[in-house]
Amino acid sequence: SKSSSDTVATSPMHMSGKFEARIIGSAVAGISELALFHPVDTIAKRLMSTETQLVILNSPAQTAMNLNSAIFRNAAGESVGRKAVSLFPGIGFG
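Observations regarding the nonpolar core
Then step 1. Formed by Ile71, Phe72, Ala75, Ala76, Leu87 and Phe88, the largest nonpolar core amounts to 6 residues.
Then step 2. Discounting residues that sit within four places of it in the chain, Ala76 has contacts with Asn68, Ser69 and Lys83.

So this is what it looks like as structure tokens:
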């Protein structure tokens, strides 16, 4: 026969594990959205809204300069850190 210590019951501790998992999962999803998907979306929108020709077939250097200007706009000539921050325009520090 089984003793009472062998049975697994749903305890408040077990339920808090599910709650914590949901909170952690939500936090990871939110951070992923901000850190990864927001900059990618910003780059896509900036490339779509650019009216100048970006790719110059004979000149890879000019193509790189055009892409740099289109993606980073006013931060094109800035440091890597400032370029990264420029991809978060609506957050308040970009």
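Quick notes on the pattern of salt bridges
Side chains that differ in sign of charge can pair as their charged atoms come close.
Then step 1. On inspection of all chains with the given rule, the structure shows 2 salt bridges.
Then step 2. One salt bridge in this structure joins Asp41 and Lys45, with 3.1 Å as the shortest N-O distance. Pair noted here: Asp41 and Lys45 are both in helix H1 (residues 12-49), with a separation of 4 residues, about one helical turn.
Then step 3. Here Asp41 falls in the partly exposed class, since its relative accessible area comes to 37%.

Focus: the side chain of Arg46
Then step 1. If you trace the backbone, Arg46 turns up in helix H1.
Then step 2. Salt bridges are absent for the buried Arg46, whose nearest opposite-charge side chain, Asp41, sits at 10 Å.
Then step 3. Beyond its immediate chain neighbours, meaning those up to four positions away, Arg46 contacts Ala70, Ile71, Phe72, Arg73, Ser86, Leu87 and Pro89.

Quick word on the confidence of the model for the chain
Then step 1. Overall, the predicted model of the chain reaches an average pLDDT of 85, with 80% of residues at or above 70.
Then step 2. At the low end of the mean pLDDT range in the chain sits H1, at 87; at the high end sits helix H2 (residues 60-72), at 96.

Considering H2
Then step 1. Over its 13 residues, H2 extends 18 Å from the first C-alpha to the last, a length consistent with the 18 Å expected when each residue adds 1.5 Å.
Then step 2. Backbone geometry just after H2 places Arg73 at a positive phi near 50°.

Focus: the side chain of Thr63
Then step 1. Structurally, Thr63 can be placed in helix H2.
Then step 2. Once residues lying within four places of it in the same chain are set aside, the contact partners of Thr63 are Leu54, Val55 and Ile56.

Side note on the environment of Ala84
Then step 1. If you trace the backbone, Ala84 turns up in helix H3 (residues 80-85).
Then step 2. Judged by its relative accessible area of 39%, Ala84 is partly exposed.

What counts, and where the lines are drawn
- Residues numbered from 1 in each chain as written.
- Predicted model: local features only at pLDDT ≥ 70, side-chain atom pairs only at ≥ 80, totals over all residues.
- Heavy atoms only, no water.
- Core = buried A, V, L, I, M, F, W, Y, C linked by side-chain atoms within 4.5 Å.
- Buried < 20%, exposed > 50% of the residue type's maximum accessible area, 1.4 Å probe, protein only.
- Contact = heavy atoms within 4.5 Å.
- Salt bridge = Lys/Arg side-chain N within 4 Å of Asp/Glu carboxyl O.
- Helix = DSSP H or I, 4+ residues; strand = E, 2+ residues; numbered from the N terminus.
- Lys, Arg positive; Asp, Glu negative; His and termini not counted.
- pLDDT = per-residue confidence, 0-100.
- Expected span 1.5 Å × (residues − 1).

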